[in-house]
Amino acid sequence: MVSSLALLAGLSVSALAQQGWSRAQSIRQNGQEATVNAVYYDGDLVWVVGAGGLVARSDDEGRSFQEMDLGVSSGLNDVFGRKDDLWIVGDEGAIFLSTDGGRSFVKSLGNTRSGRSAQAEPPRDYYSVQFIDEETGFIVGDEGLILASNDGGVSWREQRSGTTAQLFHLSFQGKRGWVVGTGGAILHTDDWGRNWYPQTSGTTDDLNRVYFVTEKVGIVTGDNGALLRTDNGGATWERVALKTREPLFGISFIDRKTGWVVGHNGRVIRTYDGGVTWVEQESGTKTDLFAVSFRKNNGFAIGKGGLVMRYYEKR
C-alpha cells in the first residue's frame, strides 16, 4: 500500500537545481516530525526508513515522498539496494525483502538466538544490512549479532562474532568484511564471515559507520569526532585529525578518492584523496545528520526531524 506522506513546505524546482547542499523536504508522519534513520539513493529513487515502521520513496529527486505500509510499527534502521532487490532491517528482528524494485515487500525469516527458544527470548534489533552479490548478504545488530544469507535474504543463519557489543554497521569487499560497534569494536573476516576476528581501533568511542573503498583502504566514523582510516585492511587504524568533537555518522563514496561524511550539527566533510585529508563543506543546516548516500554528482542526507538534504554538483 502506498500513500502520500505529509510534508512541510516543498522545495522549488529552481532550488533543487542549485549546486551544493539544499533542503529537499522535512518529512512528517502522522502529523508529527518523522524520525528517519537511513537513506539509500540509486541514482533514480531515494529511499528513507525510520521510526514507527516508516518506509518512503521519492522518484522526483526528493521533491515529494510516498509512504509504503509494511504493516509494522517498530523502528526501521537501514535500507540497502542492489539492482531490483531491496532489503530493509529494523528493531524486533524486522527483515523485509523486495525483488521488484520496491513495489512490494515480503517479510524475511531471521535467525533466533543460538541454542535458545524463540518464545523464551525477544528478537534482537538489527541495525545494518549489506549484500555483496545477488545471493550473499549480512546483517548486524544487538549483542554481537551477525547474520548471513546465501539465498538473497529469504533465510538467515547466525555467525559467531565473539563479542557482545552492539554492532551498528558493516562493509564488505568481496570475501573480506568489517563490522563496527560500541566501545571501539571493529571485527574483520577474510572468509565470507565464517570466522570473525577483532581489530584494534585505538579508541573506546562508539563507532557508527564503516566503509571500505578497496580491500585495503577503509574509513570508520564514531562519537567524539572519531574518524579512523586504514590502508592495510585494518591491521592498523589511524585517527584523522579533525577540529570537531561532535559525533560523525554516515559515509558515502562515489569512487576510490571522493567521499563524504555527515554528523551532528549539520557537519559535512569531504575527501578528494581516499580519506587521507578532509575539508569542511557548507551544508546550510545546523540539524544533526545521520546518513548520506551518493551516486555520481548527486547525493542525499537525512537528519533529525525528518530532514532530507540534497546535494547537486554540475560536472
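Residues numbered from 1 in each chain as written. Predicted model: local features only at pLDDT ≥ 70, side-chain atom pairs only at ≥ 80, totals over all residues. Heavy atoms only, no water.

1. Describing the sheet that holds strand 26 (residues 259–263)
Spatially, 25-26-27-28 is the arrangement adopted by the four strands of the open sheet, whose pairing is antiparallel. This sheet does not close on itself; its edge strands, each paired only once, are strand 25 (248–253) and strand 28 (279–280). Two elements, strand 26 and strand 27 (residues 268–271), share four bridges in a ladder whose sense is antiparallel. Counterpart to V261 in the pairing with strand 27 is I269. (Pairing = 2+ DSSP bridges. Helix = DSSP H or I, 4+ residues; strand = E, 2+ residues; numbered from the N terminus.)

2. Re the layout of surface pockets
In this structure, the largest pocket occupies an estimated 1,100 Å³ of space. What lines the largest pocket is a set of 43 residues, among which F80, H169, Y211, I251 and V292 lie closest to the centre. Of all the secondary structure elements, the ones that give two or more residues to the lining of the largest pocket are strand 5 (36–41), strand 9 (76–82), strand 13 (126–131), strand 17 (167–173), strand 21 (207–212), strand 25 and strand 29 (289–295). Tallied by class, residues from the lining of the largest pocket come to 24 nonpolar, twelve polar and seven charged. (1 Å grid on protein atoms, 1.4 Å probe; cavity = no way out; pocket = protein on both sides within 12 Å on 5 of 7 lines; lining within 4 Å. Points joined across faces, edges and corners; volume = space filled by probe spheres on them. Nonpolar A, V, L, I, M, F, W, Y, C, P; charged D, E, K, R; others polar.)

3. Topic: the pairing of strand 26
Along strand 26, five of the five residues are buried, which leaves the element largely enclosed by surrounding structure. Burial along strand 26 is two-sided: the face carrying G259, V261 and G263 and the face carrying W260 and V262 are both buried. Here strand 25 pairs with strand 26 via four bridges, running antiparallel. Note that in strand 26 the partner of L248 across the bridge is G263. Following strand 25, the chain reverses through five residues before pairing antiparallel with strand 26. Hairpin connection from strand 26 to strand 27: four residues lie between these consecutive antiparallel strands, with N265 at a positive phi of about 60°. (Buried < 20%, exposed > 50% of the residue type's maximum accessible area, 1.4 Å probe, protein only.)

4. Let's talk about unusual backbone geometry
Most peptide bonds take the trans configuration, and most residues that are not glycine carry a negative phi. The phi torsion at E61 lies on the positive side, around 60°, for a residue other than glycine. On the secondary structure map, E61 appears in the loop between strand 7 (54–58) and strand 8 (66–68). For K296, which is not glycine, the phi torsion reads 55° and is therefore positive. Structurally, K296 is set in the loop between strand 29 and strand 30 (298–303).

5. Quick look at the nonpolar core
The tendency in soluble globular proteins is for nonpolar side chains to be buried as a group. Core analysis: the largest hydrophobic core is formed by 17 residues, its most contacted members being V39, V48, F65, I302 and V308. At the level of elements, strand 3 (20–29), strand 5, strand 6 (46–50), strand 7, strand 29 and strand 30 are the ones that each hand at least two residues to this core. Apart from residues no more than four positions distant in its own chain, V308 is found in contact with S22, R23, A24, Q25, I27, F65, F300, A301 and I302. In this structure, V72, V79, A94 and F96 belong to the second largest nonpolar core, which totals 15 residues. (Core = buried A, V, L, I, M, F, W, Y, C linked by side-chain atoms within 4.5 Å. Contact = heavy atoms within 4.5 Å.)

6. A word on the packing of aromatic side chains
Summed over the entire model, instances satisfying the criterion amount to 19 aromatic pairs. Ring plane angle 80° and centroid distance 6.0 Å describe the contact between W47 and F105, whose orientation is recorded as edge-to-face. Taken as a pair, W47 in strand 6 and F105 in the loop between strand 11 (95–98) and strand 12 (106–107) lie far apart in primary sequence, 58 residues in all. Note on F138 and F172: the rings are 4.2 Å apart at their centroids and 10° apart in plane angle, and the pair reads as stacked. Here F172 lies in strand 17 and F138 lies in strand 14 (residues 137–141), a separation of 34 residues in the sequence. We note that F138, like F172, is buried. Through pairs of rings, three or more aromatic residues link up here, namely Y40, F80, W87, F131 and W156. (Phe/Tyr/Trp six-rings, centres within 6.5 Å; stacked < 30°, edge-to-face > 60°.)

As far as function goes, none of this settles anything; it's purely spatial.
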